[in-house]
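Single-letter residue listing:
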Amino acid sequence: TVTEAKEVLESLKEDQQEMIDLTNSLLLLSQYENISYSSNWPIVRIDEVIYDSIAAAQKTNEDININFEFTATPEKEAYLCIQGNEPLLRSAFRNIIKNAYKYSDNKSLTITMEAYANAVHIHFDNTGPTINAEDIDRLFLAFFRGTNAAQKKGFGLGLAIVKRNFDTI
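Residues numbered from 1 in each chain as written. Predicted model: local features only at pLDDT ≥ 70, side-chain atom pairs only at ≥ 80, totals over all residues. Heavy atoms only, no water.

Peer 1: Sorry, what's going on with helix 2 (residues 46-60) here?
Peer 2: Side chains that are three or four residues apart share a direction in an α-helix, a result of its 3.6 residues per turn. Spanning 15 residues, helix 2 covers 21 Å between terminal C-alpha atoms, matching the ideal 21 Å at 1.5 Å per step. Looking at the packing, one finds that the buried side of helix 2 touches strand 1 (43-45), strand 2 (65-70), strand 3 (81-83), helix 3 (86-102), strand 4 (108-115) and strand 5 (120-126). (Helix = DSSP H or I, 4+ residues; strand = E, 2+ residues; numbered from the N terminus. Expected span 1.5 Å × (residues − 1). Contact = heavy atoms within 4.5 Å.)

Peer 1: Where do I start with helix 3 in this structure?
Peer 2: Look at helix 3: 24 Å from first C-alpha to last across 17 residues, which is about the 24 Å you get at 1.5 Å a residue. Within helix 3, burial applies to L88, L89, R90, S91, A92, F93, N95, I96, I97, N99, A100 and Y101. (Buried < 20%, exposed > 50% of the residue type's maximum accessible area, 1.4 Å probe, protein only.)

Peer 1: Even after reading the chapter, I still don't get the pairing of strand 5, so can you show me in this structure?
Peer 2: Every other side chain in a regular strand lies on the same face of the sheet, so the side chains alternate between the two faces. For strand 4 and strand 5, the ladder comprises seven bridges, and the chain directions are antiparallel. For T110, the partnering residue across the bridge sits in strand 5 and is D125. Counting the residues between successive antiparallel strands, the hairpin from strand 4 to strand 5 contains four residues. (Pairing = 2+ DSSP bridges.)

Peer 1: Would you mind going over the packing of aromatic side chains with me for this structure?
Peer 2: The description of two aromatic rings rests on the distance between their centres and on the angle between their planes. For the structure shown, the criterion picks out three aromatic pairs. Ring geometry for Y51 against F68: centres 4.9 Å apart, planes inclined by 75°, an arrangement best described as edge-to-face. Highlighted residues: Y51 in helix 2 and F68 in strand 2, separated in sequence by 17 residues. On the accessibility criterion, Y51 (43% relative accessible area) is partly exposed. What makes F68 buried here is its relative accessible area of 14%. Both rings, one in F93 and one in F124, keep their centres 6.0 Å apart while their planes meet at 35°; by these two values the pair is tilted. In this pair, F93 sits in helix 3 while F124 sits in strand 5, placing the two residues 31 residues apart along the sequence. The class of F93 is buried, set by a relative accessible area of 2%. (Phe/Tyr/Trp six-rings, centres within 6.5 Å; stacked < 30°, edge-to-face > 60°.)

Peer 1: Got a minute to help me understand the confidence of the model for the chain in this structure?
Peer 2: Low-pLDDT portions of the prediction should not be read for the details of their coordinates. Residues at a pLDDT of 70 or more form 65% of the chain, whose mean pLDDT is 78. When the elements of the chain are averaged for pLDDT, helix 5 (residues 158-168) gives the smallest value, 57, and strand 2 the largest, 95. (pLDDT = per-residue confidence, 0-100.)

Peer 1: When you look at the pattern of salt bridges in this model, what are you seeing that I'm missing?
Peer 2: Applying the stated rule across the entire model yields five salt bridges. Its salt-bridge partner being K107, residue D63 comes within 2.8 Å of it at the nearest N-O pair. Taken as a pair, D63 in the loop between helix 2 and strand 2 and K107 in the loop between helix 3 and strand 4 lie far apart in primary sequence, 44 residues in all. Residue K107 is classed as partly exposed on the basis of its relative accessible area, which comes to 39%. Of the charged contacts, one joins R90 and E86 as a salt bridge, the two residues approaching to 2.2 Å between their closest N and O atoms. With a gap of four residues between them, R90 and E86 both fall in helix 3, about one helical turn apart. The exposure class of R90 is buried, given its relative accessible area of 19%. For E86, a relative accessible area of 27% puts it in the partly exposed group. (Salt bridge = Lys/Arg side-chain N within 4 Å of Asp/Glu carboxyl O.)

Structure representation (structure tokens):
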């Protein structure tokens, strides 16, 4: 029937998107293995990268609720500037936001930032099941999925990409 055909096509479309996501993730992992820190990287405003990552997440997931706040107003605007690779930072933040959304029980997350003269601390918090203690050490391994991920779609590559990004930066 027409209804059944639409359901099959929708299922195929979802499968195709999953394969595209897997391929893109594998490409990112292989790309980031060849990138190392460079003292020539430009200065980027870390809060702007987060705002852009939030906007991208909201385009992809219309029902996502993200609250971004500073624990305190930075003493100087320069405290928000870091030397880094902006595409790597964007990729890392998008993956963290995606995971926080996916594993949240209310599709919400809070991002808080503290900016100091020599460090920037960024916290991503959501409500939802916590990760089992035995899974924590393996979370950043490619293709590892925690026991809390059994009912969620994914390949276990997001946090491996995040780790490689931050190891590089």
